[in-house]
Amino acid sequence: MSFRCTTLALGVYALTTACGKGERAPAPASGADSAMPPPTGAADRVEGFKQPESVKYDADLDVWYVSNINGDPFAKDGNGYISRLRSDGTPDSLEFIVGGKNGVTLNAPKGMTIVGDTLWVADVDAVRGFDRKTGAVVASVELGHQVRFLNDIVAGPDGLYITDSGFDKDDKGGMGHPGPDQVFRITGRKASLVLKNSALAAPNGIAWDSAGKRFIIVPFAGKTIQAWKPGTKTLTPLGDTPGQVDGIEVLGPGRLLATSWTDSSLFIMENGKVTAIGGKLPSPADIGLDAKRGRVAIPELMEGRVEFRTLPAAAP
């Protein structure tokens, strides 16, 4: 399949509702009593980012990392960076890891995951590793011509798994989806293609469901969330969404948290049923989750900000 998005004016990641027509898997709090309250004076909204695409919560350090594309999402321009926020959302270091400084290469960083002391970042056609405490360079794995648009990354049981959304620039300077729709795995600093299927429909967010021993993959160019068990080629549809799904977190067996650009929402899918729990979130990208506090960070890519919302208590 293919689709055409609105123009990428000045290199901005302009994915709007005109598009797409026709580590650790944290355990959620089981109820209000088991959740920690947000930090005193916690921010509801933090401004000042440059195309924030992904947020990752580090439970050990009690901080949030925010990836900033800062320009053309395809370009190897070396100006991407990672911000770090305190647990309450206030900035700790808006330029914690910066392309072009201290030996860092970052072009248009997107999804992030943590393995041990390494923060792994999907970056155009490579995966970068940094010390999560100091920001020092740890590793870089180049995937090169195998991929078009690396998007999200997650730690699986046997390596890192990365979505390739199959986006590319079209002849009018906008963003198209020529495909292919793919998932790669990195083990031992080597990348291999493990899944290629058009039903992934521009795979965006990916999360590991430890209870089901499977990955959950959400589409940007479709509506159906898919489950996939590593080592197989079969996808299992889990249910339909409003569409243009970006971020995904597993809250528990049969319970998912995700964002949709189509209706600017944060929603929960439980056993195939979608319930919106937050709206008025334009360009909601790859979410982060502080599961103990039940606090979600939503990067609003086109608005240059991160919003924080509190999850409703799960039914007993």
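The structure under discussion appears in the preceding block.
What this report covers is the structure whose coordinates are included nearby.

Reading guide: rules and limits
Residues numbered from 1 in each chain as written. Predicted model: local features only at pLDDT ≥ 70, side-chain atom pairs only at ≥ 80, totals over all residues. Heavy atoms only, no water. Helix = DSSP H or I, 4+ residues; strand = E, 2+ residues; numbered from the N terminus. Buried < 20%, exposed > 50% of the residue type's maximum accessible area, 1.4 Å probe, protein only. Areas by Shrake-Rupley, 256 points an atom, 1.4 Å probe, with all protein chains shown as cover. Pairing = 2+ DSSP bridges. Axes fitted to C-alpha atoms, helices over the stretch in contact; angles between N-to-C directions. Polar contact = N/O pair within 3.5 Å; in protein donor to acceptor, adjacent residues only side chain to side chain. Contact = heavy atoms within 4.5 Å. Salt bridge = Lys/Arg side-chain N within 4 Å of Asp/Glu carboxyl O.

The next thing to look at is the overall build of the protein chain. Assigned secondary structure in the protein chain consists of 0 helices and 27 strands. Relative to its full complement of 316 residues, the protein chain shows a buried share of 56%. Surface summary for the protein chain: the accessible area is close to 12,300 Å², and the carbon and sulfur share equals 51%.

Time to look at the sheet that holds strand 10 (residues 137–142). One open sheet holds the 4 strands; their spatial order is 7-8-9-10, and the pairing between them is antiparallel. Looking at which strands have only one partner, the edges of the open sheet turn out to be strand 7 (109–115) and strand 10. Mean inter-strand twist for the sheet, computed between neighbouring axes without regard to direction, equals 20°. Strand direction decides the pairing type here: strand 8 (residues 118–123) and strand 9 (residues 126–131), joined by 6 bridges, are antiparallel. Residue pairing in the sheet places Trp120 in a bridge with Gly129 of strand 9.

Note that Thr241 resides in the loop between strand 20 (235–240) and strand 21 (245–252). Judged by its relative accessible area of 7%, Thr241 is buried. Separated by 2.8 Å, the side chain of Thr241 and the backbone oxygen of Lys223 make a polar contact. Reaching out from Thr241, the side chain makes a polar contact with the backbone nitrogen of Gly243 at a distance of 3.1 Å. For Thr241, the contacting residues outside a window of four places in its chain are Lys223, Ile225, Phe267, Met269 and Val274.

Bringing the pattern of salt bridges into the picture now. Here the idea is simple: oppositely charged side chains can pair when their charged atoms come close. Scanning all chains against the criterion turns up 18 salt bridges. Note that Lys169 and Asp72 form a salt bridge whose closest N and O atoms lie 2.4 Å from each other. Residue Lys169 is found in strand 13 (residues 168–169), and its partner Asp72 is found in the loop between strand 4 (63–68) and strand 5 (81–86); the two are separated by 97 residues along the sequence. Taking the relative accessible area as the measure of exposure, Lys169 reaches 43% and is therefore partly exposed. Arg148 is the partner of Asp168 in a salt bridge, and the nearest nitrogen-oxygen pair spans 2.5 Å.

Turning our attention to the pairing of strand 24 (residues 273–278). Where strand 23 (residues 265–270) lies against strand 24, 5 bridges are found, and the strand directions are antiparallel. Along strand 24, the bridge assignment pairs Phe267 with Ala276. Between the antiparallel neighbours strand 23 and strand 24 lie 2 residues, among them Asn271 with a positive phi of about 50°.

Position of Asn197 relative to the elements: it lies in the loop between strand 16 (190–196) and strand 17 (203–209). Given a relative accessible area of 23%, Asn197 falls into the partly exposed group. Leave out the neighbours within four places in its chain, and Asn197 touches Asp181, Lys233 and Leu235. Here the side chain of Asn197 touches Ala199 through a polar contact of 2.8 Å, landing on its backbone nitrogen.

This next bit is on the environment of Gly135. Mapped onto the elements of the fold, Gly135 is located in the loop between strand 9 and strand 10. By relative accessible area, Gly135 is classed as buried at 10%. Put simply, Gly135 and Val104 are 31 residues apart on the chain and 9.1 Å apart in space, counted from C-alpha to C-alpha. Setting aside residues up to four positions removed in sequence, Gly135 forms contacts with Phe96, Ile97 and Phe130.

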